[in-house]
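Overview (structure and organization)
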Amino acid sequence: MYSAEYFIKQLNLEPHVEGGYFKANFASSENITSSDLRTKFEGERILWTSIYFLLRDGEVSNFHRLKSDEMWYYHAGSPLTIYMISPEGELTTHELGLNIENGEVPQVLVPKNYIFGSAMNNEGFSLVGCMVSPGFEFKDFELFKRQYLLDLYPQYKEVIVKLTRE
């Protein structure tokens, strides 16, 4: 049986600023401009980018937001919970995994402009893939502080405390 440490080593994963481990592994050879899209970006963007992402038992990916859609794909380990707050303020959760009868799904779309994070609520680890289109760039990435989200969404205090830093 594989472990988190096996995948971290074999896939050369590195610590991620939002939590967990990652490795950028693929990127489109095509570019796109904001004139081709509804969302406005500065300059050109890579059409899509893809990473491996891994969380271990008890770890979280802190609440953040992108200007692009992000598709999550389950690869190995335990299910991963993805939390999303829509632009209208609605909180939804999805279980990324393979136990379909138990409500898990092997793919989850996080639409652009949603605030989202993920957590390992089960023992073990979860290895997933994330594809962002238009491609990920740190200048389009917002990492949220706890108090800011608590002021906006006090009704989600438990989840916000879990998925933010001070």
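Model, not experiment: these values are computed from the prediction.

1. Quick notes on the overall build of the chain
Helix and strand content of the chain: three helices and 14 strands. Against the globule reference of 15 Å for 166 residues, the chain gives a C-alpha radius of gyration of 16 Å, in line with a compact fold. Expressed as a percentage of its 166 residues, the buried residues of the chain come to 45%. Of the roughly 9,100 Å² of accessible surface on the chain, 51% is carried by carbon and sulfur atoms. Side chains of the chain give 15 positive and 23 negative charges; the mean places of these two sets differ by 6 Å.

2. Focus on the nonpolar core
Membership of the largest hydrophobic core comes to 18 residues, with the highest contact counts inside it found for Phe 53, Trp 72, Leu 80, Ile 82, Leu 96 and Val 128. Going through the elements one at a time, strand S5 (49-56), strand S7 (69-77), strand S8 (80-85), strand S11 (107-110) and strand S13 (125-133) are the ones with two or more residues in this core. One finds Phe 63, Phe 144, Tyr 153 and Tyr 156 within the second-largest nonpolar core, a separate group that totals 14 residues.

3. Here we look at the pattern of salt bridges
Applying the stated rule across the entire model yields six salt bridges. Here Glu 59 ties to Arg 56 by a salt bridge, and the two come within 2.9 Å at their closest N and O atoms. On the accessibility criterion, Glu 59 (18% relative accessible area) is buried. Here Lys 139 ties to Glu 137 by a salt bridge, and the two come within 3.9 Å at their closest N and O atoms. Lys 139 gets classed as exposed once you look at its relative accessible area, which sits at 55%. Owing to a relative accessible area of 25%, Glu 137 belongs among the partly exposed residues under this scheme. When salt bridges that share partners are traced, they join Arg 45, Glu 137, Lys 139 and Asp 140 into one network.

4. Let's talk about the sheet that holds S7
Pairing between the strands of a sheet is mediated by backbone hydrogen bonds and can be parallel or antiparallel. Taken together, six strands build an open sheet; the order of strands is S1-S2-S5-S13-S7-S11 and the sheet is antiparallel. Whereas interior strands pair on both sides, the edge strands pair on one side only; in this sheet they are strand S1 (14-15) and S11. Note that S5 and S13 share eight bridges and pair antiparallel. By the bridge assignment, Tyr 52 is partnered in S13 with Gly 129.

5. Some points on the sheet that holds strand S6 (residues 60-66)
In space, the six strands of this open sheet follow the order S10-S9-S8-S12-S6-S14, with mixed pairing throughout. Here the strands that pair on one side only, and so sit at the sheet edges, are strand S10 (104-105) and strand S14 (141-143). Judged from the three bridges that link them, S6 and S14 form a sheet pairing that is antiparallel. Each residue of the ladder has a partner; that of His 64, found in S14, is Leu 143.

6. A look at a nonpolar patch on the surface
Taken together, the side chains of Val 17, Phe 138 and Leu 143 define a hydrophobic patch exposed on the protein surface, amounting to about 260 Å² of accessible area. Looking at the element boundaries, Leu 143 is found in strand S14.

7. So, the side chain of Glu 104
Within the element layout of this structure, Glu 104 appears in strand S10. For the buried Glu 104, no salt bridge is present, and the opposite-charge side chain at shortest range is Lys 162, 14 Å distant. Within polar-contact distance, the side chain of Glu 104 engages the backbone nitrogen of Leu 98 at 3.1 Å. Looking at Glu 104, its side chain comes within polar contact range of the main-chain nitrogen of Asn 99, at 2.9 Å.

Rules behind the numbers
- Residues numbered from 1 in each chain as written.
- Predicted model: local features only at pLDDT ≥ 70, side-chain atom pairs only at ≥ 80, totals over all residues.
- Heavy atoms only, no water.
- Helix = DSSP H or I, 4+ residues; strand = E, 2+ residues; numbered from the N terminus.
- Rg over C-alpha atoms; globule rule 2.2 N^0.38 Å.
- Buried < 20%, exposed > 50% of the residue type's maximum accessible area, 1.4 Å probe, protein only.
- Areas by Shrake-Rupley, 256 points an atom, 1.4 Å probe, with all protein chains shown as cover.
- Lys, Arg positive; Asp, Glu negative; His and termini not counted.
- Charge placed at Lys NZ, Arg CZ, Asp CG, Glu CD.
- Core = buried A, V, L, I, M, F, W, Y, C linked by side-chain atoms within 4.5 Å.
- Salt bridge = Lys/Arg side-chain N within 4 Å of Asp/Glu carboxyl O.
- Pairing = 2+ DSSP bridges.
- Patch = residues over 30% accessible without salt bridge, like charges linked within 9 Å, V, L, I, M, F, W, Y side chains within 5 Å.
- Polar contact = N/O pair within 3.5 Å; in protein donor to acceptor, adjacent residues only side chain to side chain.

Spatial relationships are all this shows, so hold off on functional conclusions.
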